[in-house]
Amino acid sequence: MSSLKMDLRREGSGLVLVLEGQLDGNSAPEFARLVAEQIEPECRCVVISAGGLQFVSSAGLRELVTLARRLNPLGAKAILVGVTTTVEEVLEVSGIGSFYLRAADTTQALALCQEREAPPGFFGRWLSGFGKS
Amino acid sequence: MTVPLEYQTGFAAASLVDPVAAERYVRHSQVGDPEADALIGLLQTRYPDMAAEWIQRGIEGGAAALPEAPGAVREFFSEIERVPDWFDPHLASSGCRAFHRHSEMFLGAFVGAVLIEGFSTLISKSFCITGRLVDQGVRRLKQNNRHLVEIFIPGGLDRRSDGWKLSVRIRLIHAQVRYLLRQSPEWDEAAWGVPLGAAHIAYATAAFSALLIKRAEMLGVRLSAEERASFLMIWRYSGHLMGVVPELLFTNEQEALHLHRIGTICEPPPGVESLILANGLINSAPIVAGITETKARRELVKRIYQVSRALIGDEMADRLNYPPSRTFGVLALFRWRNWIDRLLQDQFPAIAGLRRVSQFEQMLKVTHYGEGGLGYRMPAHVHAERDQTL
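Okay, so let's go over this structure. (Residues numbered from 1 in each chain as written. Chains lettered and ligands numbered in written order. Predicted model: local features only at pLDDT ≥ 70, side-chain atom pairs only at ≥ 80, totals over all residues. Heavy atoms only, no water.)

1. Points about the overall build of chain B
Under the convention used in this document: Numbered from the N terminus, helices here are DSSP runs of H or I no shorter than four residues, and strands are runs of E no shorter than two. With the radius of gyration taken over C-alpha atoms, the globule rule is written as 2.2 Å times the number of residues to the power 0.38. Only protein chains enter the area calculation, which uses a 1.4 Å probe; residues under 20% of their type maximum are buried, those over 50% are exposed, and those in between are partly exposed. In this description, contact between two residues means that some pair of their heavy atoms is separated by no more than 4.5 Å. Accessibility throughout is a Shrake-Rupley quantity obtained with a 1.4 Å probe, and a residue counts as covered only by protein chains that appear here.
In terms of regular secondary structure, chain B is built from 19 helices and zero strands. Over its C-alpha trace chain B gives a radius of gyration of 21 Å, about what one expects of a compact globule, namely 21 Å for 390 residues. Going through the 390 residues of chain B one by one, you find that 58% of them count as buried. The long-range share in chain B, meaning contacts at least 24 apart out of those at least 6 apart in sequence, stands at 74%. Surface exposure of chain B reaches about 16600 Å², of which carbon and sulfur atoms provide 56%.

Pasting the structure below:
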């Protein structure tokens, strides 16, 4: 009984995922399966077009965190596009919004994907080396 | 009014404090949930094969999703969609924000105090007989947490959202368990009243709202008047969806605390079932949090006992057979830590953001998420071990 319509396409080394409906307890497992199947080691970014997303429950937030955490070691970016006010509030209240970059539209998001990370400064190098032997 | 045997002493004592509220509470210990009970009775006696499917379709899609169901079934699902005029979704935002700002403390107060205090009533008999909290304690605690988290997600109590669906699901599971227990020879209605009666559901709602704020405040949580009112309204609406009768559904914080106080006096002292549930809950909390290493688990259990004792008081802790521990300074330490935390977050918004994320991720870890989405299977037997995991 899915409450979410998902449309996925590849754009170069990125994935664009268009969501419509609710990312909730019913649809989150399906979302998780789809994302798990599609993310490959060479993936550089996942763009979630969320203009049609009406609601995200805690089950949905859990999958958004899992996705961002999965992309992080690949050095890939997680980008949200067109987030509605309602969903923005959920992301803000939970703090999960900070896991995602934002873009005005899919074109801008894909351009963001191409941008290389600036080389880390002193503190960046120090932080990334922190905890390593 | 006939007073169930186990309530007679408490009822006499509560009547000295507030005879009207005491009479109302004990009268509702003998009432279930007339609408939900009628629905479950109808489904179980005439449409047992369709019960689970209709419940799922009704909760997910309302009466429109049940074209072939009898009128009574459709009416139930149509009626529960009626939003009471006192619920304003626009006012829910500040309560949600307050909950997530302090979710670690709210969850701590919920598990370490409010659930324990709830289990000290006769409701523990229902849970103990069915075994649903004893045999599947970790899973049940995570399901409780899930409900709490979902109703405090902004928009979580909208008709199509998980908080709304889970609240109604709880109502129907209670009705189903009530249906099974009332047919069981193990249940003594003359002594204990109706299983999972209206009084207990109202008592739990009052505890999960106003008492939860009170206990969280003992840990140093501070809420504005607007946040308190919003927090209470969210629980009031969830209580309404869970079938709390209007006569017992609080309209403000004082009413909720008064209902809790009168209910506590009416209830008999904690019995062996309360001891089993309370101690089982504390001992399973580290497992819920993912701590399985023996030494670390024991240390955490010891700590939870200490904090719980400080929150519920020595008298209740001793009645529940808690191990002795010193509570001097325990709550003060929490308050001090939260005061420092608040100060840092006010000065450095980035720290507030990081705290929110880490608290939310922690909450996700102690919450139940089924692989197959929201489940709607109803218990088919009184005893949990005869049902597959629900």
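2. Concerning the interface of chain B and chain A
For the record, the criterion: Throughout, buried area stands for the accessible area (probe radius 1.4 Å) lost by two parts on being put together, summed over both. What counts as a salt bridge is simple: a side-chain nitrogen of Lys or Arg found within 4 Å of a carboxyl oxygen of Asp or Glu. Polar contact is the term for a pair of N or O atoms within 3.5 Å; when the atoms are in protein, one must be able to donate a hydrogen and the other to accept it, and sequence-neighboring residues count only if both atoms are side-chain atoms.
Facing the 29 residues of chain B at the interface are 25 residues of chain A. Summing both sides of the interface, chain B and chain A together bury roughly 2100 Å²; the carbon and sulfur share of this comes to 57%. Connecting chain B to chain A are three salt bridges. Measuring nitrogen to oxygen at the nearest pair gives 3.6 Å for the salt bridge that ties Arg97 of chain B to Glu89 of chain A. Here chain B and chain A share nine residue pairs in polar contact (both at pLDDT 80 or more) between them. Sorting elements by how many residues they give to the side of chain B that touches chain A places helix α19 (residues 349–365) of chain B first, with five residues.

3. Overview of the side chain of Asn279 of chain B
Its place among the elements puts Asn279 of chain B in helix α15 (residues 272–288). Contact partners of Asn279 of chain B, with chain neighbours within four places excluded, come to Tyr305, Leu320, Asn321 and Tyr322 of chain B.

4. Considering the nonpolar core
Worth spelling out the cut-off: In these notes, a set of buried Ala, Val, Leu, Ile, Met, Phe, Trp, Tyr and Cys residues joined through side-chain atoms within 4.5 Å is what counts as a nonpolar core.
By size, the foremost hydrophobic cluster in this structure holds 156 residues, and its most contacted members are Phe31, Ile48, Leu64 and Leu67 of chain A together with Phe77, Leu172 and Trp235 of chain B. Top contributing element to this core by residue count: helix α12 (residues 198–218) of chain B, with 13 residues. Excluding its chain neighbours within four sequence positions, the residues that come into contact with Ile48 of chain A are Leu17, Leu19, Phe31, Leu64, Leu67, Ile79, Leu80, Val81 and Tyr100 of chain A. Listed in part, the ten residues of the second largest apolar core include Cys45, Val47, Ile79 and Ala103 of chain A.

5. Things to note about the packing of aromatic side chains
Residue and element names in this part refer to chain B. This is how the line gets drawn: In this analysis, rings of Phe, Tyr and Trp, with Trp reduced to its six-membered ring, are considered paired at centre separations within 6.5 Å, and the interplanar angle assigns stacked below 30 degrees, edge-to-face beyond 60, and tilted for intermediate values. Any Lys NZ or Arg CZ found within 6 Å of a ring centre and within 35 degrees of that ring's normal is scored as a charge over the ring.
In the structure shown here, the tally under the stated rule is 14 aromatic pairs over all chains. On the numbers, 6.3 Å between centres and 65 degrees between planes, the contact of Tyr25 with Tyr203 is edge-to-face. Of this pair, Tyr25 sits in helix α2 (residues 19–28) while Tyr203 is found in helix α12, placing the two residues 178 residues apart along the sequence. Arranged with centres 5.1 Å apart and planes meeting at 65 degrees, the rings of Phe110 and Phe208 form a pair that is edge-to-face. Of this pair, Phe110 sits in helix α7 (residues 103–119) while Phe208 sits in helix α12, placing them 98 residues apart in sequence. Overall, Phe208 belongs to the buried group, its relative accessible area being 16%. Aromatic rings pair up to connect Phe99, Phe106, Phe152 and Phe231 into one cluster. Looking at Arg236, its charged tip hangs above the ring of Trp86, at a distance of 3.8 Å from the centre.

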